Amino acid sequence: MTMVVATLVGLHFPPTLSIGDYELRVVDVLSDVTKPRGEESASATAASDLKSAYYQGLNTEQAAITEGENPTDSLTDSIQSRHPLSHFFSRLDSARLRPVRIAYFGDSFIEGDILTSALRELLQQEYGGRGVGWTDIQSSVAGFRTTVLELSQGWDEHNVVGVNSSGFDMKAQGISGRYYTPNAGAYIDLRGQKRVYPEHLDTVQRATLYFTPEPNLRMSCSVNGEAYQPLYEATDSISQDTVEAVTVKGKIGRIRVTVEGGGRFYGMALESWRGISLDCFSMRGSVGWHIGTVPENVLRQFARLRQYDLIIMHFGLNMASPSVRTYVPYQTRFKQCIELYKHVFTNTSFLLVSMNDRDVRGADGQFHTMGGVLQLVEAQRQMAEDESIAFWNLQEAMGGEGSMVRLQQEGKANRDYTHINFRGGEELGQLFFNFLQEEKHKYDAQKTKTSEQPTN
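Below: a short report on this structure. Bear in mind the structure is a predicted one, so any value in this text is a computation, not a measurement.

What to know about the overall build of the protein
When helices and strands are counted, the protein shows 12 helices and 18 strands. Classification of the 456 residues of the protein by burial places 54% in the buried group. Element-wise, carbon and sulfur atoms account for 49% of the exposed surface of the protein, whose accessible area totals about 19,300 Å².

Concerning helix 8 (residues 328-344)
The end-to-end C-alpha distance of helix 8 is 25 Å, a good match for the 24 Å that 17 residues give at a rise of 1.5 Å each. If you check which residues of helix 8 are buried, you get Tyr 330, Gln 331, Phe 334, Lys 335, Cys 337, Ile 338, Leu 340, Tyr 341 and Val 344. Buried positions along helix 8 lie against strand 3 (99-106), helix 7 (296-305), strand 14 (310-314), strand 15 (349-353) and helix 9 (373-387).

Overview of helix 5 (residues 116-127)
Taking 1.5 Å of rise per residue, the 12 residues of helix 5 would be expected to cover 16 Å, and the 16 Å separating its terminal C-alpha atoms lies within 8% of that figure. A large share of helix 5 lies buried, amounting to 10 of its 12 residues. Among the residues making up helix 5, those that are buried are Thr 116, Ser 117, Ala 118, Leu 119, Arg 120, Glu 121, Leu 122, Leu 123, Gln 124 and Tyr 127. In the segment just after helix 5, Gly 128 is the residue with positive phi, at about 85°.

What to know about the pairing of strand 15
Counting buried positions over the five residues of strand 15 gives five, a clear majority of the element. Neither face of strand 15 is left uncovered, since the one carrying Ser 349, Leu 351 and Val 353 and the one carrying Phe 350 and Leu 352 both have all their residues buried. As paired elements, strand 14 and strand 15 share five bridges and run parallel to each other. Bridge pairing in strand 15 places Ile 312 opposite Leu 351. A crossover connection joins strand 14 to the parallel strand 15 through helix 8; in handedness this β-α-β unit is right-handed.

Conventions adopted
- Residues numbered from 1 in each chain as written.
- Predicted model: local features only at pLDDT ≥ 70, side-chain atom pairs only at ≥ 80, totals over all residues.
- Heavy atoms only, no water.
- Helix = DSSP H or I, 4+ residues; strand = E, 2+ residues; numbered from the N terminus.
- Buried < 20%, exposed > 50% of the residue type's maximum accessible area, 1.4 Å probe, protein only.
- Areas by Shrake-Rupley, 256 points an atom, 1.4 Å probe, with all protein chains shown as cover.
- Expected span 1.5 Å × (residues − 1).
- Contact = heavy atoms within 4.5 Å.
- Pairing = 2+ DSSP bridges.
- Right-handed = clockwise from strand over helix to strand, strands pointing away.

Take a look at the structure:
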């Protein structure tokens, strides 16, 4: 027993490894016991099918979590109740010194990094940072995602909606609602690119792989086309229920990881040591409840390994319907998801984004906002108010009723009058950035006002 404890304690302080000039850092294997760091259907029937298909086991019983000390300063604390994004805004003030991470959960409206790519670029221009952030181990949209070049092979995908998936285990999923198991010869190859936003996306300073190992797991890594070097080798005492991470540091334009053995793999993040990192977590066909099916213990591990300063939730395409008479059941279930993430990510700001405008052809032959959209937007606004989190009315910001027609006529949206393209993403990304900047100006003004108040 003494030898086991000694071995584990030794692994708690792993040595630093290197590949040439690139330093590798293996995340603490005792992290589970150490203190954490603080669509496209519009019918009601389809919405009902979504509920039964992949939202079984939604965790509605939340364990009490000790909040711990909030790292924000006392001045920020004093205006916390006045602005729901105060934690995020306080972190932006130090973004040139530390990473500021954003998790953006959404449906097919953001698939392929549409909208999120433009928002990320604007934030990185303003506050620094490099890299595309999170990339799934294997992606069905790799062919049209312009912000990273991804090549992967030898993986079986398992995801909560069951598309291109096999044998999904609800308890095994990662934060993205997916996990991947390797076959012989499995690898992932990510490269920076110069097609869009090359100033921030051609190279990064670190690449982090997230996975749950099995005892026979071994990985090797090649950086910028150099010779492969050992990256990770599991030990017999490894926990098969613990999410781990391994980080490669350096000026990285390309990274390729090969895998031998077993385990569950989730994704790789490309980013810098400071500035903005925005992770795009899209799930085609989801009404949003799937984020609440991620096991709480898994979320806690990701909260420790990959802290987020802002979590954005943006759904609705698969829920809005002219035949839905009330969105109360939807609100109830989605609020449970919000509460789960608020319990786990304790030092984080939350922002709910409404669904976009969605247009259909009416009896008069003209396109109009689909029935149910405005009612759902109001239900989402009410959810945000009930949960005391921030809200952005995207449908209103993009021009309100019939605005998707305008985007389509301008070549910024698809002919389904539901989804935007990358040109539309640039416009809406700018609107989103403007909204965040305006809210930060309000926060800064309140902060200044509070600091100028005389003390007794």
